[in-house]
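# Commentary on secondary and tertiary structure
Here is what each chain is made of, one letter per residue.
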There are 4 protein chains.
Amino acid sequence: MSKHKVTKIGVLTSGGDSPGMNAAIRAVVRTGIYHGLEVFGIRRGYSGMIDNDIFLMDSKSVANIIQRGGTILKTARSDEFRTPEGRAIAYKNLKRLGIDGLVIIGGDGSFKGAQTFSNEYDIPCIGLPGTIDKDIAGSDVTIGFDTAVNTAVEAIDKIRDTMDAHDRLFIVEVMGRDAGYIALHSGIATGAENIIIPETKTDIEELIANLTEKEKRKKLVNLIVVAEGGQFGDANELAKIVKGRLPNADVRVCILGHIQRGGSPTCEDRLIASHMGYYAVESLLIGRHNVMVGVINNKIHYTPLNHAVKQKQTIGQEWMKIVKILAS
Amino acid sequence: MSKHKVTKIGVLTSGGDSPGMNAAIRAVVRTGIYHGLEVFGIRRGYSGMIDNDIFLMDSKSVANIIQRGGTILKTARSDEFRTPEGRAIAYKNLKRLGIDGLVIIGGDGSFKGAQTFSNEYDIPCIGLPGTIDKDIAGSDVTIGFDTAVNTAVEAIDKIRDTMDAHDRLFIVEVMGRDAGYIALHSGIATGAENIIIPETKTDIEELIANLTEKEKRKKLVNLIVVAEGGQFGDANELAKIVKGRLPNADVRVCILGHIQRGGSPTCEDRLIASHMGYYAVESLLIGRHNVMVGVINNKIHYTPLNHAVKQKQTIGQEWMKIVKILAS
Amino acid sequence: MSKHKVTKIGVLTSGGDSPGMNAAIRAVVRTGIYHGLEVFGIRRGYSGMIDNDIFLMDSKSVANIIQRGGTILKTARSDEFRTPEGRAIAYKNLKRLGIDGLVIIGGDGSFKGAQTFSNEYDIPCIGLPGTIDKDIAGSDVTIGFDTAVNTAVEAIDKIRDTMDAHDRLFIVEVMGRDAGYIALHSGIATGAENIIIPETKTDIEELIANLTEKEKRKKLVNLIVVAEGGQFGDANELAKIVKGRLPNADVRVCILGHIQRGGSPTCEDRLIASHMGYYAVESLLIGRHNVMVGVINNKIHYTPLNHAVKQKQTIGQEWMKIVKILAS
Amino acid sequence: MSKHKVTKIGVLTSGGDSPGMNAAIRAVVRTGIYHGLEVFGIRRGYSGMIDNDIFLMDSKSVANIIQRGGTILKTARSDEFRTPEGRAIAYKNLKRLGIDGLVIIGGDGSFKGAQTFSNEYDIPCIGLPGTIDKDIAGSDVTIGFDTAVNTAVEAIDKIRDTMDAHDRLFIVEVMGRDAGYIALHSGIATGAENIIIPETKTDIEELIANLTEKEKRKKLVNLIVVAEGGQFGDANELAKIVKGRLPNADVRVCILGHIQRGGSPTCEDRLIASHMGYYAVESLLIGRHNVMVGVINNKIHYTPLNHAVKQKQTIGQEWMKIVKILAS
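Residues numbered from 1 in each chain as written. Chains lettered and ligands numbered in written order. Predicted model: local features only at pLDDT ≥ 70, side-chain atom pairs only at ≥ 80, totals over all residues. Heavy atoms only, no water.

The name an unreviewed UniProt entry gives chain A is ATP-dependent 6-phosphofructokinase, with Parasediminibacterium paludis as the organism. Checking UniProt for chain A, the heading Cofactor (unreviewed entry) contains the comment "Mg(2+)". (UniProt positions renumbered as here; feature names shortened; annotations may be inferred.)

What follows covers the overall build of chain A. Each helix and strand in chain A was counted, giving 10 helices and 12 strands. A globule of 328 residues ought to have a C-alpha radius of gyration of about 20 Å, and chain A, at 22 Å, matches this closely. Along the longest, intermediate and shortest principal axes, the C-alpha atoms of chain A span 70 × 35 × 35 Å. Per-residue burial over chain A gives 65% buried out of 328 residues. In chain A, the proportion of contacts linking residues at least 24 apart, taken out of those at least 6 apart, comes to 74%. For chain A, the accessible surface area stands at approximately 11,600 Å², while carbon and sulfur atoms represent 49% of it. (Helix = DSSP H or I, 4+ residues; strand = E, 2+ residues; numbered from the N terminus. Rg over C-alpha atoms; globule rule 2.2 N^0.38 Å. Buried < 20%, exposed > 50% of the residue type's maximum accessible area, 1.4 Å probe, protein only. Contact = heavy atoms within 4.5 Å. Areas by Shrake-Rupley, 256 points an atom, 1.4 Å probe, with all protein chains shown as cover.)

At the junction of the two partners, chain A supplies 41 residues and chain D supplies 41 residues. Across the contact surface, chain A and chain D share 2 salt bridges. Linking Asp157(A) and Arg270(D) is a salt bridge whose minimum nitrogen-to-oxygen distance equals 2.7 Å. Taken together, the connections running from chain A to chain D amount to 18 residue pairs in polar contact (both at pLDDT 80 or more). The set of elements that each furnish at least two residues to the side of chain A that touches chain D consists of helix H1 (21-34), helix H5 (145-166), helix H6 (181-189), helix H9 (267-286) and helix H10 (317-327) of chain A. Here the side of chain A that touches chain D is built from residues that sort into 16 nonpolar, 16 polar and 9 charged. (Salt bridge = Lys/Arg side-chain N within 4 Å of Asp/Glu carboxyl O. Polar contact = N/O pair within 3.5 Å; in protein donor to acceptor, adjacent residues only side chain to side chain. Nonpolar A, V, L, I, M, F, W, Y, C, P; charged D, E, K, R; others polar.)

To continue, consider the relation of the copies chain A and chain D. Expressed as a screw operation, the relation of chain A to chain D combines 0.0 Å of axial shift with a rotation of 180°, fitting to an RMSD of 0.0 Å. Expressed as a symmetry operation, the mapping of one chain copy onto the other fits a two-fold axis. By C-alpha distance to the rotation axis, the residue of chain A lying nearest is Asn297(A), at 2.3 Å. Comparing contact sets, 100% of the residues at the interface of chain A also lie at the interface in chain D, consistent with an isologous, same-surface contact. (Least-squares fit on C-alpha atoms with pLDDT ≥ 70 in both.)

Residue and element names in this part refer to chain C. Position of Ala179 relative to the elements: it lies in the loop between strand E7 (169-174) and helix H6 (181-189). Placed 173 residues apart in sequence, Ala179 and Val6 show a C-alpha to C-alpha distance of 36 Å. Look past the residues within four positions of Ala179 in its chain and what remains in contact with it is Asp133, Asp135, Pro198, Glu199 and Ala227.

This part is about the UniProt feature "binding site: ATP" (unreviewed entry) in chain A. All names here are of chain A. Residues given the UniProt feature "binding site: ATP" (unreviewed entry) here are Gly16, Arg77, Ser78, Gly107, Asp108, Gly109 and Ser110. Over a stretch of 95 residues, the named residues converge on one spot in the fold, their C-alpha atoms separated by at most 14.0 Å. Within the fold, Ser78 resides in the loop between strand E3 (54-57) and helix H3 (84-97). In contact with Ser78, other than residues within four places in its own chain, are Tyr46, Ser47 and Ile50. Polar side-chain contacts of Ser78 include one of 3.5 Å to the backbone nitrogen of Glu80. With respect to the element layout, Gly109 can be found in helix H4 (residues 108-120).

What follows concerns the sheet that holds strand E10 (residues 251-255) of chain A. Residues and elements named next belong to chain A. Within the open sheet, the 4 strands sit side by side as E8-E9-E7-E10. Their pairing is parallel. In this open sheet, the two strands that pair with only one neighbour each are strand E8 (194-196) and E10. On average, each strand axis in the sheet is inclined to that of its neighbour by 15°, with strand direction left out of account. Two elements, strand E7 (residues 169-174) and strand E9 (residues 222-227), share 6 bridges in a ladder whose sense is parallel. Following the sheet pairing, Leu169 is matched in E9 by Asn222. Strands E7, E8 and E9 of the sheet are contacted by helix H7 (residues 204-217), whose axis makes an angle of about 160° with E9. (Pairing = 2+ DSSP bridges. Axes fitted to C-alpha atoms, helices over the stretch in contact; angles between N-to-C directions.)

On to the interface of chain B and chain C, then. Listed per partner, the contact involves 41 residues of chain B and 41 residues of chain C. Summed over both sides, the interface of chain B with chain C buries roughly 3,700 Å², with 56% coming from carbon and sulfur. Ranking the residues of chain B by area buried against chain C places Cys267(B), Ile325(B) and Leu326(B) at the top, with a combined share of 17%. If you look at where chain B meets chain C, you find 2 salt bridges. Class assignment for the residues of the side of chain B that touches chain C results in 16 nonpolar, 16 polar and 9 charged. (Buried area = accessible area lost by both parts, 1.4 Å probe.)

Here the focus is the relation of the copies chain B and chain C. What relates the pair of chain copies is a rotation about an axis plus a shift along that axis. For the pair chain B and chain C, the best superposition has an RMSD of 0.0 Å and corresponds to a rotation of 180° with a translation of 0.0 Å parallel to the axis. Both copies contact each other with a shared surface, as 100% of the interface residues of chain B are interface residues in chain C too.

Turning our attention to the UniProt feature "binding site: Mg(2+)" (unreviewed entry) in chain A. All names here are of chain A. Under the UniProt annotation, "binding site: Mg(2+)" (unreviewed entry) lies at Asp108. On the secondary structure map, Asp108 appears in helix H4. Here Asp108 falls in the buried class, since its relative accessible area comes to 15%. If we ignore the near neighbours within four places in the chain, the residues touching Asp108 are Ile136, Ala308, Val309 and Lys310.

Take the side chain of Asn22(A) next. All names here are of chain A. Assignment of secondary structure puts Asn22 in helix H1. At a separation of 3.2 Å, a polar atom in the side chain of Asn22 contacts the main-chain carbonyl oxygen of Arg68. From its side chain, Asn22 meets the backbone oxygen of Gly70 in a polar contact 3.4 Å long. Other than its neighbours up to four places away in sequence, Asn22 contacts Ile65, Arg68, Gly69, Gly70, Thr71 and Ile72.

Residue and element names in this part refer to chain A. Considering all chains together, one arrives at 69 salt bridges over all chains under this definition. Across the pair Arg177 and Glu228 runs a salt bridge whose closest N-O atoms are separated by 3.6 Å. Placement of Arg177 in the loop between E7 and H6 and of Glu228 in the loop between E9 and helix H8 (235-245) is noted, with a sequence separation of 51 residues between them.

Before going further, it helps to spend a moment on the domain arrangement of chain A. All names here are of chain A. If you check the domain split of chain A, you get domain 1 (8-144 + 265-307) and domain 2 (146-261 + 315-327). The distance between the C-alpha centroids of domain 1 and domain 2 comes to 35 Å. Contact with domain 1, which involves 13 residues of that partner, is made by 12 residues of domain 2. Regarding the contact of domain 1 and domain 2, the summed buried area is about 1,000 Å², with carbon and sulfur atoms giving 55% of it. When the buried surface of domain 1 facing domain 2 is broken down by residue, Ile132, Asp133 and Lys134 rank first, second and third, together holding 46% of it. Applying the counting rule to domain 1 against domain 2 returns 0 salt bridges. (Domains from an automatic or database assignment.)

Relative to each other, helix H9 (residues 267-286) of chain B and helix H10 (residues 317-327) of chain C sit at 90°, their axes nearing to 11 Å. Classified by the interaxial angle, the pair formed by H9(B) and H10(C) is roughly perpendicular. From H9(B), Leu271(B), Ser274(B), His275(B), Tyr278(B) and Tyr279(B) reach across to H10(C), where they touch Glu318(C), Trp319(C), Lys321(C), Ile322(C), Ile325(C) and Leu326(C). Taken together, the residues that form the contact of H9(B) with H10(C) break down as 7 nonpolar, 2 polar and 2 charged. (Parallel < 35°, antiparallel > 145°, perpendicular 65-115°, else oblique.)

Residue and element names in this part refer to chain B. The sheet built from 4 strands is open, its strands ordered E8-E9-E7-E10 with parallel pairing. Strands at the two margins of the open sheet, each flanked by one partner only, are strand E8 (194-196) and strand E10 (251-255). Within the sheet, the average angular offset between the axes of one strand and its neighbour, ignoring direction, is 15°. Across the sheet, helix H8 (residues 235-245) is in contact with strand E7 (169-174), E8, strand E9 (222-227) and E10; its angle to E10 comes to roughly 170°.

Below, the discussion takes up the pairing of strand E4 (residues 101-106) of chain C. Residues and elements named next belong to chain C. With 6 of its 6 residues buried, E4 lies for the most part within the structure. Side chains Gly101, Val103 and Ile105 of E4 all project onto a buried face; the interleaved residues Leu102, Ile104 and Gly106 project onto the opposite face, where all are buried too. Across 5 bridges, strand E1 (residues 8-13) lies against E4 in parallel orientation. For Gly10, the partnering residue across the bridge sits in E4 and is Leu102. Note: E4 against strand E5 (residues 125-131), 5 bridges, orientation parallel. Paired with Gly106 across the strands is Pro129, a residue of E5. In this region the chain leaves E4, passes through helix H4 (residues 108-120) and returns to the parallel neighbour E5; the handedness of that crossover is right-handed. (Right-handed = clockwise from strand over helix to strand, strands pointing away.)

All right, on to the packing of H5(A) against H6(A) then. Think of two packed helices as two axes; the pair is described by the angle between the axes and how far apart they sit. Residue and element names in this part refer to chain A. In contact at an axis separation of 9 Å, H5 and H6 are set at 45° when each is read in the N-to-C sense. The angle between the axes of H5 and H6 places the two elements in the oblique class. The crossing of H5 and H6 is right-handed. Taken together, the residues of H6 that come into contact with H5 (itself represented by Phe145, Ala148, Val149, Ala152, Val153 and Ile156) are Tyr181, Ile182, His185, Ser186 and Ala189. Each residue belonging to the contact of H5 with H6 can be placed in one class, and the counts come to 9 nonpolar, 2 polar and no charged. (Left-handed = near helix turned anticlockwise from the far one by under 90°.)

Structure, rendered in structure tokens:
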């Protein structure tokens, strides 16, 4: 624990946006003000630190935002912050305003930047896991995942209406370049017959045999949910493979894309964002520095920022077995 | 008016599915039963007539479906029904069951089939405009359009969250191969800066100039909504053109796709479907045959089936002017 | 047509709020700016005119609000504006800022105020029908109705899940003190067995007989949708009557209440609000003064403000007959 | 562990319905069939066991229901099953069909019945916690809570639009006769200024003082979320108290009511229901009898049925402190 005493803090969102970031910003601002801190908003992530796009916030700045998607602070990826020169400018800007603590809402890339910055300059940083991918070590949950997965489920429910009306094979691609959680959860929740995720090897011959048999027995109605980072490339690539092997199949592709990032956050995402935002400020105040605030087994849990890396979780074979049993 | 007296009728959905078809089926079944008719469901459009996939329905067959997307009767496009041989088999199947009237819920292609069939055989047909594209002559509204356009609006609202968070240029493709209504309405409703539809020529140089000027003034935040049948090809093609001219722009593409066909129908779609279904049966009963039941200026309107063709509406230049003024 | 030339206009929302008011404000502001006018926002309806709570708006003031429920200008009912003294103060405040035209988004009460004000002082007023009740003479549609009725439909769909699971009788009260449109449309769209509205007399004995017969035949599953201004008082009163006559019935009451006023507006409400807002400013510019901008048969229609009164529409007996046939 | 070997099982839903029950039924049926069991559906809870309303299910019986609210098996509370005579009839009906295992989806009352039944007769029972109240010992989660709380959040978001437009005080009552979870979570997620729950004593004088001070400073905009089982009675009672003390306040009451029980389940509720349903059958197969399948710290957890009672959780004072800080 450091003896650094914070009085002015900055808050920023960085990397891809995720629903619930606004709820986290609100919690940081209001908890900070409650404890007598000055809280500054920094726009467009680390870019705003370098461009000095920083402004004092008050309680009203965050009124009526808990239910909004996106981030009122905007977000960006900053190449300049990856250079020592960039970070030097950023530090100078913070110093001039007297900012002596930072809360960074983002993913593992953003935390790496924070750790480097904090190593070089005496500004403690607290990270909050803001990503729809749920793939950060040190937390069972991430801000935005629950909303993203429910958006995917609602979209796939709609697609199923058409699928059933037409007896078609649909391949639906959801987000998740390195992590299959959105695919796994949304696939189970929509009764997908097959789910293809980066964490598990899919036997293409078994898949094709399965589809072929279905085609023989009856019309081929089948839903495949695939994470964008799947082993066969994107959904269009997979469709090509399937069509190559089942020339008569009526195969359709849907790529859900960016709708999964937006929208009003679910109750869960607003709650964890509020909770994490509160404990981020508490951590700065008591000197628990350079940690990510996460949740493990429903309890707040702190992980050193340099351990809060992207983590490919083990998705049990049991889950994949359940998928097959329930969709049959 | 024919003196043909109907006693047993068939109902089917044909072509692409659209939300509200179930509400129309329910209205046909219950109005038929109320008038003492026997009502048969025919599965998978004209295919079911040929395959004899026909079953007697009762009031309970359509319980609790008014709120469901898709169609409980399933739908398909039938090549065989385009041949005299196919239609002969279909007729034989209807005749055997004593079916002497048909209600067809579908688009202009389905109506053409019905007209041909009715010319050849003495079975009166009533058409209901079931398509998300709102492009059928003889009706201001079609079953499914209102739901589809609201689905598009909700999706684009989500995308705007991310667009604003990142200051990006988004090109969103909505359905509408020949008709720009979904694009026009959803574009206005989401404050799109540009809307590209088949009915109106878009000046690409003006568009590029407009984007270039925006890029100079500030970050390029811009939403382009494009109908799939637009003059530049699909959204990916348009994105290529834009990136070719604005190499530094952060351009993202979203193709909303099949989510626009499904989902629980809106109040409006349930109402017009119920209304049209009721008048379809009334029409069969009083001998107003081979018409499509539509709505013009909020009143039920009948159009001979052979006039109920796909119609490219004139979308006034005034609307496109309003788009520009309101998005500025 | 007046020769009054407007240069500065004010816009306000008055009476009960309705979804789409923000879209109308946005259209007024941007169309005004496009035509070189200065546009002032007036907060809390006529109260803000008296309290001088008036501020200059620019294009950004209305960015990203088209999808928001409520009204950024807030709304209120003002007793003071009903007095000559109140209106005198209001006029002085407008005059000092040079405001020479007003756009009022609200209901018939708000239009009455506008008409009186305009009679006394030389400030032309344009009204836009902003009410969820759809009961204003001079327009087939009002801003907010479509959203409210869809909110009611979604809520009743949820209630039906429980109703069917438990075989219960539900009485659901929707808004509409003087007008039964929300009840009629949402009732038909959710397959309600009975709909009770102010426009039509309901025979309570027939209703009770109908329920009694159902109770005998099987479990009493029945949905009654009632407008708040129904002939038997509110839903709780009706429930008492029903329980008095069917002591064994499992009757539940739901009053949907204020959720019907809020929420993100539907595509339709955003479109008509945008359209009407545009034509409000056009009207001020060409001297078409003291009218309400409405829509009749899908075309913009102007009605003198003093004719734009609350109007009990005739709801045809045919509709009530269709309700019975379809719900059977 | 018993050596009882199950071959035919029954599944039923009992007590209040909750979203996700259908997903649980589907998982039980398909997992049972996968393991070669015959699975019978029992309608209307224990009533169906007594009335012999029992039918064989197959894989198709549960197709396309994972996304539906309510329960396809219907539910009820049975007084007769509380008597030895009732249970004797129920047993005879099960025996005749050869049913030798039961899965009961419901709340603590339903589990008590199952335990009694299983003590008297040699039929093992497995319970799944299906209730929106999240108040069952032995599980962190219950099927339906996540959906109910999100429905409440969406409704309160809409109410907030109106609240802000009018500067009003709203008292919103959510479900939870004995448990304040829905109120606590939905209140935090909507930024409620006050949350009143059974688990915590609310100081009415502090509440009134707080509102009075707000009224002095500015217009009284305030959201109070109250659980139906709160210490002051229902929302209308609380409104009376508030109006008695603040006669000038514009106080509105909304009772969300039964909409919280219905609707398409969230991803989370579908997942836990699927998971629990799968393990219910596995438990019957390996002889882990008379337990409730729950989830503790994200892992499946088994609790003897007679310990799976209603449990008033301790809601930490820390949460109530966070509520105040974040809403200020």
